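Given next are the chains, with one letter for each unit.
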Amino acid sequence: MKILIAGAGEVGTHLAKMLSKEKHDIILMDPQEDKLAFARSGMEIMPFVGNPTSLNDLESAGIDRMDLFISVTTEEATNITACMLASKMGAEKTFARINNYEYLLPKNKEFFNGLGVNSMIYPEMLAAKEIVSAVKRIWTRQYWDLLGGALI
């Protein structure tokens, strides 16, 4: 799978490393070249200095050949705009990191899908769910949820 990840911060970097281990073709884009230095250290991640809201930079990165475009910069507006552009320029699927839980409400799914934002993630909600889960199960460090929660 060909994946372009915009944003070489903690989230983007971690995601790029994980996906490259699964043998996906990864391009990691960031406007700051110094954030991409780690990708040149023998990893199978192609660094690309560019702005995810620049039509020219997206085209140069080969957005029209991407199976997935993921924008995980710290700026929600950048992520949504970048996904809109990537979708219109040929990326098959798009994924945006957001900071507004309202966007995840079922009534808004079709609206964002129409804009070209196929999926969204709200990291604070994921963290909150993990904390609640850990508090409920303080007696264990690892657990498996089987049979739809019938067996843990």
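That block above? That's the structure.
Just so it is clear, the structure is predicted and the values come from calculations on it, not from any experiment. (Residues numbered from 1 in each chain as written. Predicted model: local features only at pLDDT ≥ 70, side-chain atom pairs only at ≥ 80, totals over all residues. Heavy atoms only, no water.)

Novice: In this structure, what is going on with the overall build of the protein chain? I would like to understand it.
Specialist: Broken down by element type, the protein chain carries 5 helices and 6 strands. Reading the secondary structure of the protein chain in the N-to-C direction produces β-α-β-β-α-β-α-β-α-β-α. Here the protein chain holds 152 residues, and 37% of them are scored as buried. Counting contacts in the protein chain only where the partners sit at least 6 residues apart, residues at least 24 apart contribute 48% of the total. Entry remark: accessible area of the protein chain is about 9500 Å², with carbon and sulfur atoms responsible for 55%. (Helix = DSSP H or I, 4+ residues; strand = E, 2+ residues; numbered from the N terminus. Buried < 20%, exposed > 50% of the residue type's maximum accessible area, 1.4 Å probe, protein only. Contact = heavy atoms within 4.5 Å. Areas by Shrake-Rupley, 256 points an atom, 1.4 Å probe, with all protein chains shown as cover.)

Novice: Even after reading the chapter, I still don't get the side chain of Arg 97, so can you show me in this structure?
Specialist: Its place among the elements puts Arg 97 in strand β5 (residues 93–97). Each residue touching Arg 97, except ones within four places of it in the same chain, is listed here: Val 11, Ser 71, Val 72, Thr 73, Thr 74, Glu 76, Asn 79, Ile 121 and Pro 123.

Novice: Where do I start with the nonpolar core in this structure?
Specialist: Nonpolar side chains in soluble globular proteins tend to end up buried together. Core analysis: the biggest nonpolar cluster contains 21 residues, and Leu 4, Met 29, Leu 58, Ile 63, Phe 69, Val 117 and Met 120 have the highest contact counts within it. When contributions to this core are tallied by element, the ones reaching two or more residues are β1 (2–6), β2 (25–30) and α3 (76–88). The greatest single-element share of this core, amounting to 4 residues, is contributed by α3. Once residues lying within four places of it in the same chain are set aside, the contact partners of Val 117 are Ile 80, Cys 83, Met 84, Thr 94, Ala 96 and Phe 112. Ranked by size, the runner-up nonpolar core spans 13 residues in total, among them Ile 5, Phe 38, Ile 45 and Val 72. (Core = buried A, V, L, I, M, F, W, Y, C linked by side-chain atoms within 4.5 Å.)

Interpretation in functional terms is not warranted from these geometric data alone.
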